[in-house]
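What the coordinates show
Spelled out, the chains give:
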Amino acid sequence: MQIDNYLIRQTSLEKLFNNLIGNGKTVFAPQASEKRILFEKVKAFSEITDNYLVTTNAAKSVVFPRTEKLFSYKKTKETTEITDASTEAVPEVVLWGTRPCDAAAFIPLTDTFNGDYPDILYNNRRGKVYLLSFSCATCDEYCFCTSVNGSPGNTAGSDILFTKLSTGDYLAEVITEKGKKLVAENQTLFEAAPEEEKEPNLAKVKTYFNQDEIQAKLQNLFENPVWDEKSRACLGCGSCAFVCPVCSCFDIQDEKHGSKGTRLRCWDSCGFSLFTLHTSGHNPRETQGARWRQRILHKFLYMPDKSKVAGCVGCGRCSRVCPADINILETVTSI
Amino acid sequence: MNNPNIYIPYLMRIEKITQEAPGVKTFRLKFENKQEAEEFEFKAGQFGEYSIVGVGESTFCIASSPTRKGYIECTFRQVGRVTSALASAEEGDVIGFRGPYGNTFPIDEWKGKNLVFIAGGIALPPMRCVIWNALDLRENFEDITIVYGARTVADLVYKHELEEWGNRPDIKLVTTVDPGGETPDWKGEIGFVPSVLEKVAPSAENTIAIVCGPPIMIKFTFPVLEKLGFADHNIYTTLENRMKCGFGKCGRCNVGEKYVCIDGPVFSGEELKLLPAEY
């Protein structure tokens, strides 16, 4: 699809936000708290911060909630009655302020929840999400989007990508049908495309490795001391998976209240020792090294082999949040 | 599954419960919904997620043969929370079932061949499906040999069927128990499955070997089969890594690049050799 370029004034962003809220959309945007920047539900434009590199958490919870009801049930001795959670109405959600890496992460995430078994719960939510991303003007030592086929101004995954120009106004690249719909609904706010180039306004993210080369190297690296070496400090806390915008491993658990209850899908992590434990006590991934290997191979070998897209967008969240300072970039570049 | 929500189970009524061994039960399950019963199809080797709502789901292969219509059976050992809840269910109770999932044994390709089934302990149930499938189409195959072992005589499952198979002239059945697991009147072999197999195995000529057991048994049985002259592509096994979803999303059952739930659970020796020993 052809990308349409517009200019949107800095002062018009708030109008756009208010129109979205006025049209009944739920808006999630970066909000600063004492120690973190989180995607939170916001009601007023003033609640949004634009002073952030990336948020601490990923935006995935909007389409893949941390705990999600799959169905509810009512049980008596004779009968069981099941109520499908996928028929419940899902709100239209605008993700405001995602970074290009966040938006790109929805591509592999959607792949995982489709294939031979389309996941209607995920697809219902995803179908109602608008991604209004903002290009990165800054980066830090944890960022490596350019090593995994991304960039600070990458349009993939976003519906509209805003890039702040030297004037303080924004270039608006309208990428998808959804983006075009929003522009049509807010026509007066979008002006003729600016003259100024996008590129000089983007962060310079260093390219540390080439995803295709890493993928090729990993083919023969299953047995290698690097996995134990790089994961010795790992506590198995699972924080890396929880903040990752692509990680989607989950557990299924039941919650029971008397004769009623729900079956839930909950976030899980390949870093947890119980993740693969057999009932017999046998564990195919017995050590933290084997679990770290799974994390790296899944993202940089298995996923791109299967669907052409890596399971890592280089946002660096896992490394920033790791209490043991394990750095995914350091592991990958040491290969 | 007809429901667009792939997590919703079929409701199944427990028609019959058989106590197979200490802590091991077989459920015969019938669909509550007639239309679902008519539309349901599966093939030997496939598995499902069995559940008690409010407690959770557990993964077992379908233990009955697709040639036996109108019901499915599962056999499980009571170990964890879900299997304990299942074990306390009674005939007439309703449980959940999602499936069938996974690939199948290529039984159509085995026409005209000898078959040797090798199973250990609670791994006979996944194999029982394909054994009965083959027995119900007996004329399609040459010699059929079954080598089955358990820790003790009491732990052997499907005792009535073992007796029936033992009495059939068209099956060679060899049962074995681990040393120390025998009873005074035990007439079978004493020893671990791989070593017993080495003694009693049929010729590898025109023979397919189907192996199912705990990972440790599989790892010891494959070299024996190799020594006996079985080519990798004539050996099949079914893996049972821990699962939650059953359809390639929850992310835990993979062996290297292959998901046991969608690429397996049935793997040939040839396929298994290309994978890391992550099972």
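Predicted model only: the values in this text are computed from it and were never measured. (Residues numbered from 1 in each chain as written. Chains lettered and ligands numbered in written order. Predicted model: local features only at pLDDT ≥ 70, side-chain atom pairs only at ≥ 80, totals over all residues. Heavy atoms only, no water.)

Moving on to the sheet that holds strand β7 (residues 129–134) of chain A. All names here are of chain A. Taken together, the eight strands give an open sheet; going across it, the order is β3-β2-β6-β7-β8-β9-β1-β10, and neighbouring strands pair in mixed fashion. The outermost strands of the open sheet, each flanked by one partner alone, are β3 (37–42) and β10 (191–192). Here strand β2 (residues 26–32) runs beside β3; their pairing, made up of six bridges, is antiparallel. Among the inter-strand pairings, Pro30 is bridged to a residue of β3, identified as Phe39. In the packing of helix α1 (residues 10–22) onto the sheet, contacts are made with β1 (4–8), β2, β3, β6 (93–98), β7, β8 (160–164) and β9 (170–174), and the angle to β6 comes to roughly 155°. (Pairing = 2+ DSSP bridges. Helix = DSSP H or I, 4+ residues; strand = E, 2+ residues; numbered from the N terminus. Contact = heavy atoms within 4.5 Å. Axes fitted to C-alpha atoms, helices over the stretch in contact; angles between N-to-C directions.)

Let us now look at the interface of chain A and chain B. With 46 residues of chain A at the contact, the number on the chain B side is 45 residues. Interface area for chain A against chain B, summed over the two sides, is near 3800 Å², with a carbon-plus-sulfur share of 53%. Among the residues of chain A in contact with chain B, Tyr117, Phe250 and Arg263 of chain A are the three that bury the most area, contributing 16% of the side total. Here chain A is connected to chain B by four salt bridges. Put simply, Arg285 of chain A and Glu278 of chain B hold a salt bridge, and the shortest N to O gap is 2.7 Å. Our enumeration of links across chain A and chain B arrives at 28 residue pairs in polar contact (both at pLDDT 80 or more). Residue assignment for the side of chain A that touches chain B shows that the elements contributing at least two residues are β4 (67–75), β5 (80–84), α3 (120–127), β11 (250–257), β12 (260–267) and α8 (288–307) of chain A. (Buried area = accessible area lost by both parts, 1.4 Å probe. Salt bridge = Lys/Arg side-chain N within 4 Å of Asp/Glu carboxyl O. Polar contact = N/O pair within 3.5 Å; in protein donor to acceptor, adjacent residues only side chain to side chain.)

A word on the side chain of Lys249 of chain B. Note on placement: Lys249 of chain B falls in the loop between β12 (235–238) and β13 (254–255). Despite being buried, Lys249 of chain B has no salt bridge partner; Asp119 of chain A is the closest side chain of opposite charge, sitting 5.9 Å away. At a separation of 2.7 Å, a polar atom in the side chain of Lys249 of chain B contacts the main-chain carbonyl oxygen of Asn114 of chain A. Non-local contacts of Lys249 of chain B, meaning those with residues more than four positions away in its chain, are made with Thr112, Phe113, Asn114, Tyr117, Asp119, Ser248 and Phe250 of chain A together with Ile6 and Tyr7 of chain B. (Buried < 20%, exposed > 50% of the residue type's maximum accessible area, 1.4 Å probe, protein only. Lys, Arg positive; Asp, Glu negative; His and termini not counted.)

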